[in-house]
Amino acid sequence: VGATADANMGPLTLGAEIDYFTGSVANPGGIEPDLEGLNFQISGGMGVGPANVGLTLLYASGDDPADADININGLDGNYATGFIITNSGARSLQPKDGTCLSQDGSSLGGALNCIAGSGLIVIKGTAGISPVERLNLQGDIIYAMSAEDQSSTNSNNDIGIELDGTARYKLDENLSVMGGVAYLITGDWWKSASCDPDTD
C-alpha cells in the first residue's frame, strides 16, 4: 500500500511518499518468516534569492537481526535521494521497480539490497542555481545512518556523508544533458562490511 502527495504553498513546494509492505513466505515444514517494510519521504523546497534550496527527510525500515522477519523495501525512483547511497538512476541487470533503500554491507543500491538490508535514515540538503540561461547547477549534502544494526554484535549505524554535484544544460524544450560527481565520506557502519577497520 502506498501514497504520494504534492503541494504548492506560495513559494514553498512540498512532496511526500509513504509505502507499507507486508506478506509471508510459504515454506511447508520449515521456517515461514513474515515480510514487512515501511518507508516514507518528505521533501520541501523554495527560492531564496537567486538560489533554490530544499530539505529532504527519509526513513526506510531495516532488517532487525534479533528476529526472523524479513525486511523488504523500495521507493519510487522519481524521489531520488543520492547517487551513491541509494544508487538512484543506476542500471541494474536485475528487474527492479524504483530505488532500493537497504544497505547490505557489500554494495550500495541495486536490486539485491531491497531485501534484508539495514535500512536508511537520511537528512538531505540541496541548493541549486542557474548562473546563465538553460544551465542549472546543484549541490547536495546527505547524512545517512542505518535504521537497524547490521548484526547482533555490531551497533555501528553511521553510514556517512555523501556530497553530490550536478550540472544540467537544456539544449532545447525536449532534450537536456547532465553530468555529475559524487563522493561518500564513509562512517563506522562500514567496519562491519569487512575485516579491515579502515572505513576509507
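Residues numbered from 1 in each chain as written. Predicted model: local features only at pLDDT ≥ 70, side-chain atom pairs only at ≥ 80, totals over all residues. Heavy atoms only, no water.

A few points about the overall build of the protein
Here's step 1: Helix and strand counts for the protein come out as zero helices and nine strands.
Here's step 2: The linear arrangement of helices and strands in the protein, starting from the amino end, is β-β-β-β-β-β-β-β-β.
Here's step 3: Across the 200 residues in the protein, those meeting the buried criterion constitute 30%.
Here's step 4: Long-range contacts, defined as pairs at least 24 residues apart, comprise 50% of the intrachain contacts of the protein with a sequence gap of at least 6.
Here's step 5: Counting every atom, the protein has about 11,400 Å² of accessible surface; 57% of that belongs to carbon and sulfur. (Helix = DSSP H or I, 4+ residues; strand = E, 2+ residues; numbered from the N terminus. Buried < 20%, exposed > 50% of the residue type's maximum accessible area, 1.4 Å probe, protein only. Contact = heavy atoms within 4.5 Å. Areas by Shrake-Rupley, 256 points an atom, 1.4 Å probe, with all protein chains shown as cover.)

Observations regarding the pattern of salt bridges
Here's step 1: Going through the model one piece at a time under the given rule, you end up with two salt bridges.
Here's step 2: Its salt-bridge partner being K124, residue D140 comes within 3.9 Å of it at the nearest N-O pair. Here the residue D140 occupies a position in strand β7 (residues 135–145), and K124 occupies one in strand β6 (residues 120–129), the gap between them amounting to 16 residues. Each of the two residues, D140 as well as K124, counts as buried.
Here's step 3: In this structure, E173 and K170 form a salt bridge, with 3.7 Å as the shortest nitrogen-oxygen distance. (Salt bridge = Lys/Arg side-chain N within 4 Å of Asp/Glu carboxyl O.)

Section: the pairing of β7
Here's step 1: Pairing of β6 with β7 involves nine bridges; the strand directions are antiparallel. Of the residues in β7, the one forming a bridge with I121 is M145.
Here's step 2: Adjacent in sequence and paired antiparallel, β6 and β7 are bridged by five residues, among which R134 carries a positive phi angle near 80°.
Here's step 3: Of the pairings in the sheet, the one linking β7 to strand β8 (residues 158–172) comprises 11 bridges and is antiparallel in character. (Pairing = 2+ DSSP bridges.)

Regarding the nonpolar core
Here's step 1: Counting 11 residues, the largest nonpolar core consists of L58, A60, I85, L120, V122, I142, A144, I159, L184, W189 and W190.
Here's step 2: Listed by contribution, the elements that provide at least two residues to this core are β4 (51–60), β6 and β7. (Core = buried A, V, L, I, M, F, W, Y, C linked by side-chain atoms within 4.5 Å.)

Overview of the side chain of S61
Here's step 1: Here S61 shows up in the loop between β4 and β5 (70–71).
Here's step 2: Here S61 falls in the buried class, since its relative accessible area comes to 10%.
Here's step 3: One polar contact links S61 to N71, side chain to side chain, over a distance of 2.7 Å. (Polar contact = N/O pair within 3.5 Å; in protein donor to acceptor, adjacent residues only side chain to side chain.)

Describing the confidence of the model for the protein
Here's step 1: Confidence in the prediction for the protein averages 81 pLDDT; 75% of positions are at 70 or higher.
Here's step 2: Model confidence for the protein, summarised as mean pLDDT per element, is weakest for β5 at 82 and strongest for β7 at 95.
Here's step 3: Overall, residues 105–111 carries pLDDT values under 50, and its contacts beyond four positions in sequence, including any with other chains, amount to 23 contacts. (pLDDT = per-residue confidence, 0-100.)

Quick look at unusual backbone geometry
Both trends apply: most residues other than glycine have a negative phi, and most peptide bonds are in trans.
Here's step 1: The residue R134 is not glycine, and still its phi comes out positive at about 80°.
Here's step 2: Following the sequence through the fold, R134 ends up in the loop between β6 and β7.

Some points on the pairing of strand β9 (residues 175–186)
Here's step 1: As paired strands, β8 and β9 are joined by 12 bridges and run antiparallel to one another. Within β9, the residue paired with I161 across the bridge is I185.

With respect to the environment of T22
Here's step 1: As for its position among the elements, T22 is in strand β2 (residues 12–24).
Here's step 2: For the pair formed by T22 and I72, sequence separation is 50 residues and the distance between their alpha carbons is 8.5 Å.

Focus on the side chain of T166
Here's step 1: Along the chain, the position of T166 falls in strand β8.
Here's step 2: If we skip the residues at most four places from it in the chain, T166 touches F83, N136, L137, Q138, M178, G179 and G180.

Concerning the environment of Q41
Here's step 1: Structurally, Q41 can be placed in strand β3 (residues 34–48).
Here's step 2: We classify Q41 as buried; its relative accessible area is 3%.
Here's step 3: Sequence spacing of Q41 and E17 is 24 residues, and the spatial spacing of their C-alpha atoms is 5.3 Å.

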